[in-house]
Every structure is written in structure tokens, then in C-alpha cells.
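Topology and contacts: notes
Each chain is listed here by its residues.
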Amino acid sequence: MQQSLYIPYRQGQLHLKQLKLPDADMSQPPILMLHGAMSNGRVFYSDSGKGLGCYLAQAGFVVYVLDTLGRGLSTPKLAAGANHGQGEVIREQLPLVQHYILSQHPHAGKVHWCGHSWGGVLMASAIARFDFFQHSVASLLTFGSKRAIKVRSFKKWLMVDVAWNTLAPAIAKGHGYLAADRWRMGMDNESKASLAQSIDWVRGDWIDHDDGFNYAKAAKQLGSSKGWPKAWFIAGLGDAVLGNPADVQRMLAECHCHDVEYTLLSKANGYRHDYGHAEMLTHKDACDDHFPLVLNWYLCANGADK
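The following refers to the structure shown. (Residues numbered from 1 in each chain as written. Predicted model: local features only at pLDDT ≥ 70, side-chain atom pairs only at ≥ 80, totals over all residues. Heavy atoms only, no water.)

1. Points about a nonpolar patch on the surface
Together, Phe154, Trp157, Leu158, Met159 and Leu242 line one region of the surface with nonpolar side chains, adding up to about 490 Å² of accessible area. Along the polypeptide, Leu242 turns up in the loop between β7 (230-236) and α8 (245-255). By relative accessible area, Leu242 is classed as partly exposed at 33%. (Patch = residues over 30% accessible without salt bridge, like charges linked within 9 Å, V, L, I, M, F, W, Y side chains within 5 Å. Areas by Shrake-Rupley, 256 points an atom, 1.4 Å probe, with all protein chains shown as cover. Salt bridge = Lys/Arg side-chain N within 4 Å of Asp/Glu carboxyl O. Helix = DSSP H or I, 4+ residues; strand = E, 2+ residues; numbered from the N terminus. Buried < 20%, exposed > 50% of the residue type's maximum accessible area, 1.4 Å probe, protein only.)

2. Observations regarding empty space enclosed by the protein
Per the counting criterion, the structure on display carries 2 cavities of 30 Å³ or more. Taken as a whole, the largest cavity spans an internal volume of roughly 160 Å³. If you go around the largest cavity, you meet 18 residues; those closest to its centre are Arg71, Val89, Leu122, Glu190 and Ser194. Only α2 (86-104), α3 (118-129) and α6 (192-203) provide two or more residues apiece to the lining of the largest cavity. With 3 residues, α3 is the single largest residue contributor to the lining of the largest cavity. Considering only residue class, the lining of the largest cavity consists of 6 nonpolar, 10 polar and 2 charged. As for the second largest cavity, its lining consists of Gln86, Gly87, Ile90, Gln197, Trp201, Asp208, His209, Asp210 and Tyr215. With 3 residues, α2 is the largest single contributor of residues to the lining of the second largest cavity. In the lining of the second largest cavity, the residues fall into 3 nonpolar, 4 polar and 2 charged. (1 Å grid on protein atoms, 1.4 Å probe; cavity = no way out; pocket = protein on both sides within 12 Å on 5 of 7 lines; lining within 4 Å. Points joined across faces, edges and corners; volume = space filled by probe spheres on them. Nonpolar A, V, L, I, M, F, W, Y, C, P; charged D, E, K, R; others polar.)

3. Digging into the pattern of salt bridges
Enumeration according to the criterion identifies 15 salt bridges in this entry. Linking Arg10 and Glu92 is a salt bridge whose minimum nitrogen-to-oxygen distance equals 3.2 Å. Taken as a pair, Arg10 in the loop between β1 (2-9) and β2 (12-19) and Glu92 in helix α2 lie far apart in primary sequence, 82 residues in all. Overall, Arg10 belongs to the partly exposed group, its relative accessible area being 42%. The class for Glu92 is partly exposed, based on a relative accessible area of 29%. One connected set of salt bridges, linked through shared partners, spans Arg91, Arg129, Asp208, Asp210 and Asp211.

Shown next as C-alpha cells:
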């Protein structure tokens, strides 16, 4: 069963897609999924029941998929003059959504978090910053998430240095936001602030642009106190730039998680494909390849919570 929920936020609403079976156990920790840059929640589900979110819901989990402000079915849509950035996702939208989900599952106490690409970065940032999340997030699972891009290649130069760092800001300046769907750069759009802030993080320091909060320092301190939730970082060998395995491992090290796993989806490791950035979630073989491992991981995590 798919249901669109809407949470009032600023002058609009955040869209939260709920995926669940009619008899799903609401007392078990549910799962919150967050998309990456130039994307929306559709990377996790479809109306026909495809995607990781639908797969886990069919197995009995209650899954929530967020469209951040201006993306997907959240309102208002991005337009010239939009001034919100990634900081609002970390400091406002994720706390608002987490409180809402917990209110729907009063006996669960915690929520599993799952992020694709930049969504995993924003989720890790929120956990590192807020005690609330350190106590209410049951686990963190990321697909192709990297905080910085250090790999060097012609493809990286073309996709990141030219398209993202140079062309995208020029388009955003002209439109008032990055019309990524119109220019066929992605499935959804980016505000000028989110674009500029993500560019800075990809090539610079992990520090909040609005108030100077040092996420890198907080993550290290959280690692020292073993305060991170159980975590799993997944990368694809075919993901050459946007979630290069080397960069995913660098983010893993930067987070200083204590109970953490790393998996490389590759033929050499027994998987059907050397999965690319989106293919980890959208490839038709994923539901028979690595999705069962994800399901088992969540089942074990919930068993440990009991």
C-alpha cells in the first residue's frame, strides 16, 4: 500500500511517501529513505512496486521516503528566489520528519535511516550534530555516499569540474535555481544554495555554511564515544565518479563509525554486475542480487533491538 503524507513546513508541505502492507507491524522500527542531489524519493520506489522501498515494504517493513523541500511532490516547487539549502534539510526537515515518524510509531522508539548519494551525507551530518538523532536513529545505510570527491579521471573532470562546478552554477544564476530536469542533468532540481554548498563540501571541509558547525570534528568525537548507530556503506564498482568506492571509503573513515560494514557491489565479489551510481537501487537484478542482503541486515538489526 502506498500513501502520500504531507507535513506542513514553512509556506508549503514536505511529501513523505509511506510504503507498507495493510498488516505491517507498527511497533517495529520503520525505515526513512532520503534521496541525493538533483533527485527525489522516486529513486527508492515506483507506482508499480519496484525499488528498494517497495521491496522492503513487501517484506513487512514500514518505509517512509522523503522528498526534501522543492523536490518530488513537496511544495512549493523550486523557483527563482528560493533561498533554502542543505542546512535546512539537516537542521529543520530531518528533525521535523523524524518527530513525525516517531509519533506514528510510539512503541518503536527508533527509525532506520537509508540514504542514496548526497542523502547519505546529509543524514550522517544530522546524526553527527544532534543528540536527538544519536538516540533515535537505529541504523545508517548508505548507497554511493561520499562527502568529498578526491578521485581523478577525465570523467570526473567532465562531470564534476566542468558540469557541476562550472556549468550548473551558470544555469542556476540564469534561472534562479538549477533546472536539472530541463537540462537533463538529473531527475529533479537544486536551489542555488544547495548547489553552492554541496560544491564546497565536495572539494573542501565538512563545515556548516550557515553557522560554522564543524561536522568533521563532531563525527570524530561521536566515534570516540561510540555514539554512532550501526552503519553500512555500500558502493558499486561501476560508480566511477559520483560515488567512487575510494571516496565512499574516505567518507566511512571520516565518520569514525565503530560498528560499520563496507560492501563493494562487483562481479568479482559475486554480484551480478559492477553496479553504477543509480543502478544500485534501480537495476532490475538488484531485487534478486543485493536487496535480500539489505533485508536480512534490517531484520537482524530489529532483532537486536528487541
